[in-house]
Amino acid sequence: MATVNTDDVTPRTETVETGTGTARITWLAAPAPRLVLALGHGAGGGIEARDLRALGAALPAHGVSVALVEQPWRVAGRKLGPAPKTLDTGWRGIWPALAGPGLPVVAGGRSAGARVACRTAAELGARAVLALSFPLHPPGRPEKTRADELLGCGVAALVVQGGNDPFGKPAEFPPGDYRITEVPYGDHGFAVPKKSGLTEERAMEILTASVTEWLADVK
């Protein structure tokens, strides 16, 4: 099981049966919650990603309970995620547990998890979408755009994108009814080169501050 450490929040895990297998939620509950932010992982990693950890540590103090969602393929120990349709089915199966506290739910995730959140937000009743490192296109293939998933999510959205993300730099994103924040020099995992002068800590501060400010306006 992935480990998430925060200074002030004790994680609680919950398993959920879905149509594609057993999923797992790591809850980082706010003392006085007003929202739930559900965050799915990417196609090649889990909830140990630096951006998911940073948000899980920062947001509970701002009234946002964070639910770090592990898709069934990840819980089962497989190394790579399945087809998008299967990911969407797993996410739908997890949703009742996310909505269980009776609070508005913001759907989110990084990379493939961001795509899942966008594709299913409207049908599931998500209040908004947080897309971290949205994979706008495969590296080196800008013509294979996935912009329609983001533009068609049907709810308010925030994209947080690394300035050097090979899956789509901020300037490549089309105009639309969403906000976008750039983490300077960041790659697809928001790692920043030492020569940039920007530390990983500062990069995560930029990310968490942007998300915190945006969520303050989500009701």
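Conventions and cut-offs
- Residues numbered from 1 in each chain as written.
- Predicted model: local features only at pLDDT ≥ 70, side-chain atom pairs only at ≥ 80, totals over all residues.
- Heavy atoms only, no water.
- Helix = DSSP H or I, 4+ residues; strand = E, 2+ residues; numbered from the N terminus.
- Rg over C-alpha atoms; globule rule 2.2 N^0.38 Å.
- Buried < 20%, exposed > 50% of the residue type's maximum accessible area, 1.4 Å probe, protein only.
- Contact = heavy atoms within 4.5 Å.
- Areas by Shrake-Rupley, 256 points an atom, 1.4 Å probe, with all protein chains shown as cover.
- Lys, Arg positive; Asp, Glu negative; His and termini not counted.
- Charge placed at Lys NZ, Arg CZ, Asp CG, Glu CD.
- Disulfide = S-S within 2.5 Å.
- Pairing = 2+ DSSP bridges.
- Axes fitted to C-alpha atoms, helices over the stretch in contact; angles between N-to-C directions.
- Expected span 1.5 Å × (residues − 1).
- Core = buried A, V, L, I, M, F, W, Y, C linked by side-chain atoms within 4.5 Å.

### Section: the overall build of the chain
The secondary structure content of the chain amounts to 6 helices and 8 strands. Listing each helix as α and each strand as β along the chain from the N terminus yields β-β-β-α-β-α-α-β-α-β-α-β-β-α. By the compact-globule yardstick of 17 Å for 219 residues, the chain fits well, its C-alpha radius of gyration being 16 Å. Judged by the C-alpha coordinates and their principal axes, the chain covers about 40 × 35 × 35 Å. Burial status across the chain gives 52% buried among its 219 residues. Here the analysis covers contacts within the chain between residues at least 6 apart in sequence; of these, 63% occur between residues at least 24 apart. Taken as a whole, the chain presents about 9,600 Å² of accessible surface, with 52% of it coming from carbon and sulfur. Across the chain, the mean location of the 23 positive side-chain charges is 5 Å away from that of the 22 negative side-chain charges.

### Quick notes on the environment of Ala43
Along the chain, Ala43 turns up in the loop between β3 (35-40) and α1 (50-58). In this structure, the C-alpha to C-alpha distance between Ala43 and Arg110, residues 67 residues apart in sequence, is 9.1 Å. The contact partners of Ala43, leaving out residues within four places of it in the chain, are Trp73, Lys79, Leu80, Gly81 and Ala112.

### Side note on the state of the cysteines
Within this structure, the stated rule accounts for 0 disulfides. Between Cys118, a free cysteine, and Cys153, which holds the nearest cysteine sulfur, the sulfur-to-sulfur gap is 5.1 Å.

### So, the sheet that holds strand β8 (residues 179-183)
Within a sheet, each strand pairs with its neighbour through backbone hydrogen bonds, oriented either parallel or antiparallel. Pairing in this open sheet of 8 strands is mixed, and the strands run β1-β2-β4-β3-β5-β6-β7-β8 from one edge to the other. The open sheet has two edge strands with one neighbour each: β1 (12-18) and β8. Neighbouring strand axes in the sheet, compared pairwise and without regard to direction, differ in orientation by 20° on average. The pairing of strand β6 (residues 128-132) with strand β7 (residues 156-162) spans 5 bridges and is classified as parallel. Note that in β7 the partner of Val129 across the bridge is Ala157. Set on the sheet, helix α3 (residues 84-99) makes contact with β1, β2 (21-28), β3, β4 (64-70) and β5 (105-110); between it and β1 the angle comes to about 135°.

### Digging into helix α4 (residues 112-124)
Here α4 is 13 residues long and its end C-alpha atoms lie 18 Å apart, about the 18 Å a rise of 1.5 Å per residue gives. With 10 of 13 residues buried, α4 lies mostly within the body of the structure. Along its buried surface, α4 packs onto β3, α3, β5, β6 and α5 (147-151).

### Topic: the pairing of β5
Counting buried residues in β5 gives 6 out of 6 residues, a clear majority hidden from the surface. Burial of the side chains of β5 extends over both faces: Val105, Ala107 and Gly109 are buried on one face and Val106, Gly108 and Arg110 on the other. Pairing analysis gives 5 bridges linking β3 to β5, with the strands arranged parallel. Within the sheet, the bridge partner assigned to Val36 lies in β5 and is Val105.

### Things to note about the nonpolar core
In globular proteins that are soluble, nonpolar side chains generally tend to be buried together. By size, the foremost hydrophobic cluster in this structure holds 37 residues, and its most contacted members are Ile25, Trp91, Trp95, Leu98, Phe134 and Leu150. In terms of residue count, α4 provides more of this core than any other element does, 7 residues in total. Filtering out sequence-adjacent residues up to four positions away, Trp91 remains in contact with Ala38, Leu39, Gly40, Val69, Gln71, Ala107, Gly108, Val116, Thr120 and Leu124. Counting residues in hydrophobic clusters, the runner-up holds 32 residues, among them Leu28, Ala49, Val66 and Val183.

All we've got here are geometric facts, nothing functional implied.
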